[in-house]
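Listed below are the residues making up each chain.
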Amino acid sequence: MKKNLKIWILLTGIMLIGGAATAQSKTEPVLASRPNIIFLLSDDHAWDVMGHRGDPVAKTPHLDQMASDGVSFLNVHHASPICLPSRAAILSGRHESANMVGFNNPYNLSFSVKEFGEAFPAVLRASGYYTGYIGKYHFTVKDKKAYKGTRAKQLKVIDGVPQPEYEGDQLSSFFDVWRGVPGQGKYWNEGYYGTQKGKHSSQVRADQAIAFLHEAKARKEPFFLTVGFKAPHGPWREKETVDPRFYEWYRDIQMPVRNNMTWTDFEKLPASVKAGYRGSGFNRAGKVSQLYSERNRAQAKGQVIPLERLGKINDAKPDAKSDAFDLYGHTFFRDEAVFQETMRIYYSLVSGMDHAIGRIRAELESLGIADNTVVVYMSDNGSFLGARMLSGKELLYAESARSPLIVVDPRLPQHRAGATSKTLLSAIDLAPTMLELADAKIPSSMQGQSIVPALLDPAAVLHQAVFIENFYTGMGWGSSPENKKIKKEMGNFQSRAVVTDRYKYIRYDNTKPVIEELFDLKADPGESSNVAANPELKKVLELMREHMRRITSENDENRKAYSVPELADDKKKSKPGVMTPLWDL
């Protein structure tokens, strides 16, 4: 079925029946223009920290309104749940081990100009869209694909304009309007591009988006705009990182604790994660350095404290000179008061971003262009927020690897407003979706599937399985002799996962021995009980391994076809496999 026919279906509200559709009728309206598209991309927003997802305290009225006006997707998985490789995967529609854009060897490369020419914003521009980028982006584009092309350096600002992180970065040249902020950016006192200093960055993003909308409305062509928020990414240690207006919403609230924020859940994690993961709060000796609040004493008095009693794990107090524990993990769990304050800051950042999104959508209405503008919201990765006694992301469990996704398309049939879909999706599906919505050609390099069928039919099936991977292992191990010894003995926590409608399989390839985890998502949606050793599920386990072999092989072929030929330094060759025991399944 041709893409433009699907667009007509969206416009007229005709549903596909049995996969067949008749030719375009004479009564169908004339499409004056392709839709405008706004892509709102947050950072570290857990998929369920929104009012409409059932969070008991989250104040997100504008995201909730988007869910009421559009379609919410409840089964979306990040391709690589950490900022840089996730954003690269979203825009290119390709997995990290295919596009090679990430933090760690062997995938710490830039995009080439040729490659990014097939990323969906570039294709939209080439097909006639007026395009803009605002806020965080985090990766680079060079003439040819280059090693060590993605590590952020200190940001230089000349006349209020942030300069590219690396000489030769050409990402800005792919957009008509560029207001990109490299690296992590700041929450306060940016002043970039002549914006007002002393304003929170979430509101600055809204100001810039509104300015873009006014300019774009006056043009004849449709527009596409990406808004990259820093929120709710850390730092979470000081309430000054948030807009005080939104911090007041949570000041006196007891913040929620996830059901799996227990020592029992932590103990189930692989030893390499417990000893080396940056969000686990371990010191360099591999022992827990935090002390937790007593709960039994309170329970004996009939009181309820939202932290499980963990007792005193390590009598030694943390020593800043000798302990290499990560500050995020340590600060997050030092005691209940710190945990509560951290959560208030996180939720305040979410609410401030939500407010900015509300301003952008209100401006669409004010300008009279809301009826032909598709608005898409998602995050680049999740956040543990204490689940499994972890902070951070990048591990492949649900808290880190699931994504919020809301699509508001005013051309959809009215009965689809407020709908939800459990269709299995990947973040790499966003790129072909954007192009299909715009009736633009989808490059053969893209690995995702357009979700347009799922916008119309909540039961649509697009994937047998989706793939997630993590190559990031930094900031947790440290460089001490003790850490190096532990890392050598345990291996690291690079991992891959496949998810189907029923099961999730996670494989830690570099542990010794290799660790396999299998979760029955129907019986165990919280991914708490590893059933990989269950003999009754032997066939399921082998099927999940086969899905992993197939998708990994597809990534290898995609990488060879679209990435490896573009390497700037031909002395360095791409390894055909990611990890030594890759095929030892």
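Residues numbered from 1 in each chain as written. Predicted model: local features only at pLDDT ≥ 70, side-chain atom pairs only at ≥ 80, totals over all residues. Heavy atoms only, no water.

Student: What am I meant to see in the packing of aromatic side chains here?
Tutor: The description of an aromatic ring pair uses the distance of the two centres, along with the angle that the planes make with each other. Counted according to the given criterion, the structure contains 20 aromatic pairs. When the centroid spacing of 5.1 Å and the interplanar angle of 75° are considered together, the rings of tyrosine 107 and phenylalanine 471 count as edge-to-face. Of the two residues, tyrosine 107 is situated in the loop between helix 4 (96-99) and strand 3 (111-112) and phenylalanine 471 in the loop between strand 14 (466-470) and helix 17 (481-490); the sequence distance between them amounts to 364 residues. These aromatic residues form a ring-pair network of at least three members: Phe111, Phe116, Phe139 and Phe174. Positioned above the aromatic ring of tyrosine 187, the side-chain terminus of lysine 230 is 5.0 Å from the ring centre. (Phe/Tyr/Trp six-rings, centres within 6.5 Å; stacked < 30°, edge-to-face > 60°. Helix = DSSP H or I, 4+ residues; strand = E, 2+ residues; numbered from the N terminus. Lys NZ or Arg CZ within 6 Å of the ring centre and 35° of its normal.)

Student: How do you make sense of the nonpolar core when you look at a structure like this?
Tutor: When a protein is soluble and globular, its nonpolar side chains tend to lie buried together. In this structure, Leu40, Met66, Phe223 and Tyr347 are the most contacted members of the largest nonpolar core, which totals 72 residues. Top contributing element to this core by residue count: helix 13 (residues 336-367), with 13 residues. Those residues within four positions of phenylalanine 223 in sequence are excluded, and the remaining contacts are Pro35, Asn36, Ile37, Ile38, Tyr129, Tyr130, Phe212, Leu213, Ala216, Leu364, Ile369 and Thr373. By size, the runner-up hydrophobic cluster in this structure holds 54 residues, among which are Leu41, Val123, Phe175 and Val376. (Core = buried A, V, L, I, M, F, W, Y, C linked by side-chain atoms within 4.5 Å. Buried < 20%, exposed > 50% of the residue type's maximum accessible area, 1.4 Å probe, protein only. Contact = heavy atoms within 4.5 Å.)

Student: Which parts of the structure should I look at to understand the sheet that holds strand 14?
Tutor: Each strand in a sheet pairs with another by means of backbone hydrogen bonds, the pair being arranged parallel or else antiparallel. If you trace the four strands from one edge of the open sheet to the other, you get 14-15-16-17, paired in antiparallel fashion. What marks the edges here is a single partner per strand, and that holds for strand 14 and strand 17 (515-520). With direction set aside, neighbouring strand axes in the sheet form an average angle of 15°. Bridge analysis of strand 15 (residues 495-499) against strand 16 (residues 503-508) gives five bridges, and the strand direction is antiparallel. Within strand 16, the residue paired with valine 498 across the bridge is tyrosine 505. Relative to strand 16, helix 18 (residues 538-562) is tilted by about 65°, and along the sheet it contacts strand 14, strand 15, strand 16 and strand 17. (Pairing = 2+ DSSP bridges. Axes fitted to C-alpha atoms, helices over the stretch in contact; angles between N-to-C directions.)

Student: Would you mind going over the environment of proline 85 with me for this structure?
Tutor: Here proline 85 shows up in helix 3 (residues 83-92). Here the alpha-carbon distance between proline 85 and phenylalanine 103, two residues 18 residues apart in the chain, equals 7.3 Å. Dropping the residues within four chain positions of it, proline 85 is found in contact with Ser80, Glu96, Val101, Gly102 and Phe103.

Student: Explanation requested: the packing of helix 7 (residues 201-217) against helix 13 in the structure shown.
Tutor: The packing of two helices is summarised by the inter-axis angle and the distance between the axes. Between helix 7 and helix 13, the shortest axis-to-axis distance is 9 Å and the interhelical angle comes to 15°. What the angle tells us is that helix 7 and helix 13 run roughly parallel. Of the two elements, helix 7 crosses helix 13, and the hand of that crossing is right-handed. Across the interface between the two elements, Ser202, Gln203, Ala206, Asp207, Ala209, Ile210, Leu213, His214 and Lys217 of helix 7 pack against Gly352, Met353, His355, Ala356, Arg359, Ile360, Glu363, Leu364 and Leu367 of helix 13. Tallied by class, residues from the contact of helix 7 with helix 13 come to nine nonpolar, five polar and four charged. (Parallel < 35°, antiparallel > 145°, perpendicular 65-115°, else oblique. Left-handed = near helix turned anticlockwise from the far one by under 90°. Nonpolar A, V, L, I, M, F, W, Y, C, P; charged D, E, K, R; others polar.)

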